[in-house]
Amino acid sequence: MGGCGSSPTQVSLDQTKNLHTLSSDRIVKIAMIGDQGLGEKSRKLLRVIKRQNADLLLINGDFDYKNDPYGWERMNRDILGEDFPIIAVLGNHDLPQYDAYKDIITRWNNNPQLDCKGDPGVRSDCTFKGIQIVSSSPGIFPDQSSEIDQNYIHNAFAQSTSPWRICQWHKTMHDMQTGTKEDETGWGVYEECRENGAIITTGHEHAYARSYLLSDIPNKQVASFSDIYDIEKGKSLVLLSGLGGLSSRHLRHDGYWWAHKENLDTGTDAGALICAFNLDNRQSSCYFIDENGETKDSFTLRTHL
Ligand SMILES: [Fe+2]
């Protein structure tokens, strides 16, 4: 568990226990995974997500690793259901079957529960029950600068009135992952999201890591070491969630800015981050749960947007 004070963590754990089964119109549960695969652990994790009563799934790129878009679609549909809302953004492994993935994600973005605009799977701006999810592709297309993504994010939030905002993409900067991935996105996209008070979730490295509240991401300036995050314009956190089922990797790069890490060295093979956003009190209880249903991290977000 991150943080050292016992009482804030305890509050968060108690809330999380209740939220494992609770579901209502005013509580919106969003699950986030990346680097999914098509194996038994991938399926097991999807069943956990379903049993947790998630309302929406975000897939942060690198889908099946077999260039099998329809097998990937079938797996997610068979377990989550035909109408379950999913927002997916392309990873580097998804480019060989770009057109087929785009077709699938375009259909998914047309889910009546989602209000999406933009280019599905590449740069899109979706709203789900008042929560805004902006997906982008920094570092994915060699001929496209990350400034395009940064500008897209900037414009998507320019007129936003959403109390909860999520930035989703696949790749990372070296310091925003716990393995051997290099700098691939630039810092601009991270900073644009932080300046707009958006939670940042990525994949690419096959691990889970939760940063502290940051007020400057390139310089890893920590605004608070609490497990209760006060999110506002200028202060947000980074959530690497790349344990969708394909594999888990060793810790190779660490830093003081991480509040909690799960990876091969902590004995975690697969897992999903789930946040339960309470639309009435502007709080969200988040937890990382593995494919066996064991909760391995929990924390609380409060929005001041
Ligand atoms: Fe990747």
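Here goes a summary of the coordinates provided. Since this is a predicted model, take the numbers as computed values, not measurements. (Residues numbered from 1 in each chain as written. Predicted model: local features only at pLDDT ≥ 70, side-chain atom pairs only at ≥ 80, totals over all residues. Heavy atoms only, no water.)

## Observations regarding the sheet that holds strand β4 (residues 115–119)
Phase 1 of the analysis: Across the sheet, eight strands lie side by side as β4-β5-β6-β7-β8-β13-β9-β14; this open sheet has mixed pairing. On the outer flanks of this sheet lie β4 and β14 (258–262), each paired with one strand and no other. For this sheet, the mean inter-axis angle between neighbouring strands, taken without regard to orientation, is 15 degrees.
Phase 2 of the analysis: Note that strand β9 (residues 208–211) and strand β13 (residues 238–241) share three bridges and pair antiparallel. Pairing of Y208 across the sheet is with S241, part of β13.
Phase 3 of the analysis: Strands β4, β5 (123–128), β6 (131–135) and β7 (164–168) of the sheet are contacted by helix α5 (residues 146–158), whose axis makes an angle of about 165 degrees with β6. (Pairing = 2+ DSSP bridges. Helix = DSSP H or I, 4+ residues; strand = E, 2+ residues; numbered from the N terminus. Axes fitted to C-alpha atoms, helices over the stretch in contact; angles between N-to-C directions. Contact = heavy atoms within 4.5 Å.)

## Describing the pattern of salt bridges
Phase 1 of the analysis: The final tally for this structure, using the stated rule, is 18 salt bridges.
Phase 2 of the analysis: One salt bridge connects R107 with E73, and the closest N-O pair in it is separated by 2.4 Å. Of this pair, R107 sits in helix α4 (residues 98–109) while E73 sits in helix α3 (residues 69–80), and the two are 34 residues apart along the sequence.
Phase 3 of the analysis: Judged by its relative accessible area of 44%, R107 is partly exposed.
Phase 4 of the analysis: Across the pair E82 and R74 runs a salt bridge whose closest N-O atoms are separated by 2.6 Å.
Phase 5 of the analysis: Taking the relative accessible area as the measure of exposure, E82 reaches 48% and is therefore partly exposed. (Salt bridge = Lys/Arg side-chain N within 4 Å of Asp/Glu carboxyl O. Buried < 20%, exposed > 50% of the residue type's maximum accessible area, 1.4 Å probe, protein only.)

Honestly, that's just the spatial picture; any functional story needs more than this.
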